[in-house]
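Topology and contacts: notes
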Amino acid sequence: MKEEAIKAPGSTIRQYSIMLQNRVGALSALLGLLDMHGIFCLGFSMHDCHEATIARLIVSDPERTSEIFLEKGICYTESEVLVAVLRHGPADLKKCLDVLYAAEMNVNFLYPLMPCMARGSLVALHVDDLNFGRTVLNSSGIKVLFQQDLSR
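Residues numbered from 1 in each chain as written. Predicted model: local features only at pLDDT ≥ 70, side-chain atom pairs only at ≥ 80, totals over all residues. Heavy atoms only, no water.

1. Comments concerning the pattern of salt bridges
- The final tally for this structure, using the stated rule, is five salt bridges.
- With a closest N to O distance of 3.6 Å, E71 and R64 form a salt bridge.
- A relative accessible area of 25% means that R64 is categorised as partly exposed.
- We note a salt bridge from K94 to D98, for which the minimum N-O separation is 2.6 Å. A residue pair is termed a helical-turn pair when its members lie 3 or 4 positions apart in one helix, as K94 and D98 do in helix 3 (residues 91–102) at four residues.
- The exposure class of D98 is partly exposed, given its relative accessible area of 36%.
- By sharing partners, the salt bridges in this structure join R14, E63 and E78 into a single network. (Salt bridge = Lys/Arg side-chain N within 4 Å of Asp/Glu carboxyl O. Buried < 20%, exposed > 50% of the residue type's maximum accessible area, 1.4 Å probe, protein only. Helix = DSSP H or I, 4+ residues; strand = E, 2+ residues; numbered from the N terminus.)

2. Observations concerning the side chain of S66
- Take S66: it is sitting in helix 2 (residues 62–72).
- Take S66: its relative accessible area is 10%, and that puts it in the buried class.
- Excluding anything up to four places from it in sequence, S66 contacts R14, Y16, Y76 and E78. (Contact = heavy atoms within 4.5 Å.)

3. Things to note about the environment of R134
- Note that R134 resides in helix 4 (residues 130–139).
- Separated by 50 residues in sequence, R134 and A84 place their C-alpha atoms 8.7 Å apart.
- Those residues in contact with R134, other than ones at most four positions away along the chain, are T12, L82, V144, L145 and F146.

Have a look at this one:
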């Protein structure tokens with residue numbers, strides 16, 4: 001009997017990291033560019049340095065975002081993140097972190113996504129092993145989303 005590969009139910013969520021000039025309106029200009037193409041920023045984090053700011057973005061259409069950034073010469077890096085649903089809002093954040101800690105998973109960084117009242121709060125997590133992190137969270141009752149869940 002031939003074994004079939006188990007297909008994941010969706011695409012992993014990609015995060016874009018972009019270095020912006022540390023000046024008024026830089027983030028607004030970036031979001032305006034995405035908005036002109038019907039792409040929404042679903043979550044972001046900013047890390048401010050003296051001369052520049054690193055913006056981490058999760059968007060509604062990652063494929064088109066990559067194309068736009070390439071067309072416009074915007075330098076960026078991509079990384080994959082987990083987006084967990086915290087059904088009871090902030091009260092579930094500690095549970096989420098405790099579950100990952102118990103599994104000895106390192107959380108490199110995390111940040112909230114824009115509120116989604118129908119689902120609960122959403123948090124993006126960058127961990128060392130996405131598949132293991134997804135399994136650990138799902139096993140504890142914390143739902144982890146795929147890109148298709150966010151892009152709807």
